Amino acid sequence: MTDTVACDVRNRIAWVRFNRPEKRNCMSPTLNRRMREVLDELEFRDDVGVLVLTGEGSAWSAGMDLKEYFRETEAKGLGAVRQSQREAYGWWQRLRWYQKPTIAMVNGWCFGGGYGPLFACDLAFAAEEATFGLSEINWGILPGGGATKVAVELMGFRNAMYHAMMGENIDGAKAAEWGLVNEALPLARLKDRVIEVATVLLEKNPVALKATKDAVRRVGEMTYDNAEDYLVRAQEAANSFDNEGRKEGIRQFIDDKTYKPGLGAYELNMQGD
Ligand code: COA
C-alpha cells in the first residue's frame with residue numbers, strides 16, 4: 001500500500017506531503033490517521049526546526065474524500081462518522097498548536113476541508129496558479145470541518161459570505177489579497193521562497209517562536225486586559241524553558257553590539273549553555 005503521506009527532512013526542514021496525487025490529495029480516513037502519526041514522529045526531533053506542509057502532484061488537497069470520508073463512513077453509521085471527524089480534526093488541531101513553526105506551501109488545488117490544515121499552519125504561501133474554493137455548496141452541504149470558521153477568520157465577513165455561498169474559486173493572488181495566505185508567487189518560485197522563510201525561522205529562538213505563535217492564535221479571542229495578562233504569563237512560562245536566550249539576546253545587542261534586534265536575530269549558538 002502506498003503511503004498516503006510522504007515526508008523527508010533536509011537542512012532541518014521537514015517536508016510533509018499529502019501523497020495521493022491521483023486523488024488530488026483528498027483526505028481519506030487512512031490519510032488522516034497517517035498524518036497524525038507523521039506529525040507525532042516529527043514534532044520533537046532535534047533535526048527538525050520547521051515543518052512545511054505541501055502536496056504531491058497538481059493538488060495541495062482537494063479537501064475531504066467524498067467517497068471514503070463521507071459516503072463510506074456514513075454507510076457505517078454515526079460512530080464511524082464521529083471517528084472519522086475526530087481523526088481529521090485531531091491532526092489539524094495538533095498542527096495548530098505544533099511545537100515547531102509550520103508553513104503551508106499551497107502548490108495547487110485547495111478545497112473545502114483543506115482549509116482546516118491551511119489555517120492550522122502558522123504561515124501560508126501559495127502558487128499564483130493555485131485554486132482555492134469552498135466547493136461544498138456545489139455538492140450540497142455547508143462548509144463544515146471548520147472551513148466556514150477559517151473563511152470568516154481570515155477573509156472577513158463579506159468575502160467569506162460570497163466565497164461560501166457562491167462556490168466560486170479564487171486563484172493564489174486573490175487568496176493573498178483576501179488574507180487566506182501570506183503571499184502568492186509563481187509556482188516556479190514557490191519552493192525557494194518557502195525555503196527562504198523557513199531559513200529565517202530556523203535562526204530564531206525556538207522557545208520564543210512557540211510562545212509567539214501560540215500568543216498570536218490565543219489573543220484574538222481575548223479582551224485587551226486578558227491578552228496583556230496572558231502575554232505576561234506566557235513570557236514567564238517561556239523563561240522557565242529558556243531563561244538564558246533572552247538575556248543572551250540583550251547581551252549581544254547592549255554589550256557586544258554584534259546585531260540589532262530591529263534588523264535581525266541574535267546568534268543562537270553563542271549562548272553559554
Ligand atoms: N473526494 C474524492 N475523490 C476525489 C476528490 C475528493 N474531494 N477530489 C478528487 N477526487 C478523485 C476523483 O474522483 C478522481 O478519481 P478517479 O481517477 O478514480 O476518477 C481523481 O481524484 C482525479 O480527480 P479529477 O476530478 O479527475 O481531477 P481534475 O484535476 O480534473 O480536477 C478537482 C481536480 C480538484 C477540480 C476535482 O477533482 C474536484 O472538484 N474535486 C472535489 C473538490 C471538492 O469539492 N472538495 C471539497 C471536499 S470537502
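Residues numbered from 1 in each chain as written. Predicted model: local features only at pLDDT ≥ 70, side-chain atom pairs only at ≥ 80, totals over all residues. Heavy atoms only, no water.

By the naming in an unreviewed UniProt entry, the chain is Trans-feruloyl-CoA hydratase/vanillin synthase, taken from Microbulbifer rhizosphaerae.

**As for a nonpolar patch on the surface**
A contiguous nonpolar patch, built from Phe 157, Met 161, Tyr 162, Met 165 and Met 166 and spanning about 540 Å² of accessible area, is present on the exposed surface. Here Phe 157 is to be found in helix H7 (residues 157–166). (Patch = residues over 30% accessible without salt bridge, like charges linked within 9 Å, V, L, I, M, F, W, Y side chains within 5 Å. Areas by Shrake-Rupley, 256 points an atom, 1.4 Å probe, with all protein chains shown as cover. Salt bridge = Lys/Arg side-chain N within 4 Å of Asp/Glu carboxyl O. Helix = DSSP H or I, 4+ residues; strand = E, 2+ residues; numbered from the N terminus.)

**Let's talk about the environment of Phe 70**
With respect to the element layout, Phe 70 can be found in helix H2 (residues 66–76). Taking the C-alpha atoms as reference points, Phe 70 and Asn 226, separated by 156 residues in sequence, lie 40 Å from one another. In this structure, Phe 70 is in contact with Met 64, Asp 65, Trp 139 and Ile 141, ignoring residues within four places of it in sequence. (Contact = heavy atoms within 4.5 Å.)

**Considerations on the site of the ligand**
Around the ligand sit 14 residues in total, of which Lys 23, Arg 24, Ala 62, Leu 66 and Ser 135 are the nearest. Between the ligand and Met 64, the relevant distance is 2.9 Å, taken from a nitrogen atom to a main-chain nitrogen or oxygen of the residue. Elements represented by at least two residues in the shell around the ligand include exactly strand E6 (109–111) and helix H5 (136–139). Tallied by class, residues from the shell around the ligand come to seven nonpolar, two polar and five charged. (Near = heavy atom within 4 Å. Polar contact = N/O pair within 3.5 Å; in protein donor to acceptor, adjacent residues only side chain to side chain. Nonpolar A, V, L, I, M, F, W, Y, C, P; charged D, E, K, R; others polar.)

**Points about the pairing of strand E3 (residues 50–55)**
With six of its six residues buried, E3 lies for the most part within the structure. Side chains Val 50, Val 52 and Thr 54 of E3 all project onto a buried face; the interleaved residues Leu 51, Leu 53 and Gly 55 project onto the opposite face, where all are buried too. In the sheet, strand E2 (residues 13–18) pairs with E3 via six bridges, with the strands oriented parallel. The residue of E3 that forms the bridge with Trp 15 is Val 52. Where the polypeptide runs from E2 across helix H1 (residues 29–43) and back to E3, its parallel neighbour, the crossover connection is right-handed. Bridge analysis of E3 against strand E5 (residues 102–106) gives three bridges, and the strand direction is parallel. Note that in E5 the partner of Leu 53 across the bridge is Ala 104. (Buried < 20%, exposed > 50% of the residue type's maximum accessible area, 1.4 Å probe, protein only. Pairing = 2+ DSSP bridges. Right-handed = clockwise from strand over helix to strand, strands pointing away.)

**A word on helix H10 (residues 206–219)**
Helix length check: H10, at 14 residues, gives a terminal C-alpha distance of 20 Å against a target of 20 Å (1.5 Å per residue), a fit within 8%. Of all the positions in H10, only Leu 209, Lys 210, Lys 213, Asp 214 and Ala 215 are classed as buried. Its side-chain oxygen placed 2.9 Å from the backbone nitrogen of Val 207, Asn 205 serves as the N-cap of H10. (Expected span 1.5 Å × (residues − 1).)

**Let's talk about the packing of H10 against helix H11 (residues 224–241)**
Axis angle and axis distance: for two packed helices, these are the angle between their axes and the distance between the axes, and together they describe the pair. Following both chains from N to C, one finds H10 and H11 inclined at 160°, their axes separated by 10 Å at the closest point. When the axis of H10 is compared with that of H11, the two are roughly antiparallel. Remark: the crossing between H10 and H11 carries right-handed chirality. Touching Val 207, Ala 211, Asp 214, Ala 215, Arg 218 and Val 219 of H10 are Ala 227, Tyr 230, Leu 231, Ala 238 and Phe 241, all from H11. (Axes fitted to C-alpha atoms, helices over the stretch in contact; angles between N-to-C directions. Parallel < 35°, antiparallel > 145°, perpendicular 65-115°, else oblique. Left-handed = near helix turned anticlockwise from the far one by under 90°.)

**As for unusual backbone geometry**
The bulk of non-glycine residues show a negative phi, and the bulk of peptide bonds are trans. Unusually for a residue other than glycine, Asn 11 sits at a positive phi of about 50°. Looking at the element boundaries, Asn 11 is found in the loop between strand E1 (5–10) and E2. A relative accessible area of 69% means that Asn 11 is categorised as exposed. You will see that Asn 25, though not glycine, has its phi angle at about 55°, which is positive.

**Considerations on the packing of aromatic side chains**
Aromatic rings considered in pairs are described by the distance between their centres and by the relative angle of their planes. Evaluated as defined, the whole model comprises nine aromatic pairs. Judged by centre distance (5.1 Å) and plane angle (65°), the ring pair of Phe 70 and Trp 139 falls under edge-to-face. One end of the pair, Phe 70, is in helix H2; the other, Trp 139, is in helix H5, with 69 residues separating them in the sequence. Ring-pair connections join several aromatic residues into one group, and the members of that group are Phe 18, Trp 60, Tyr 89, Trp 91 and Trp 92. One residue, Arg 217, lies across the ring of Phe 119, its end atom 5.1 Å from the ring centre. Sitting above the plane of the Trp 97 ring, Arg 218 keeps its charged end 4.0 Å from the centroid. (Phe/Tyr/Trp six-rings, centres within 6.5 Å; stacked < 30°, edge-to-face > 60°. Lys NZ or Arg CZ within 6 Å of the ring centre and 35° of its normal.)

**Thoughts on the sheet that holds strand E8 (residues 131–133)**
On the basis of which strands lie adjacent, the open sheet formed by four strands has the order E4-E6-E8-E9 and mixed pairing. Every other strand in the sheet has two partners, leaving strand E4 (59–61) and strand E9 (170–171) as the edge strands with one partner each. Across two bridges, the pairing between E6 and E8 is parallel. Bridged to Cys 110 within E8 is Phe 132.

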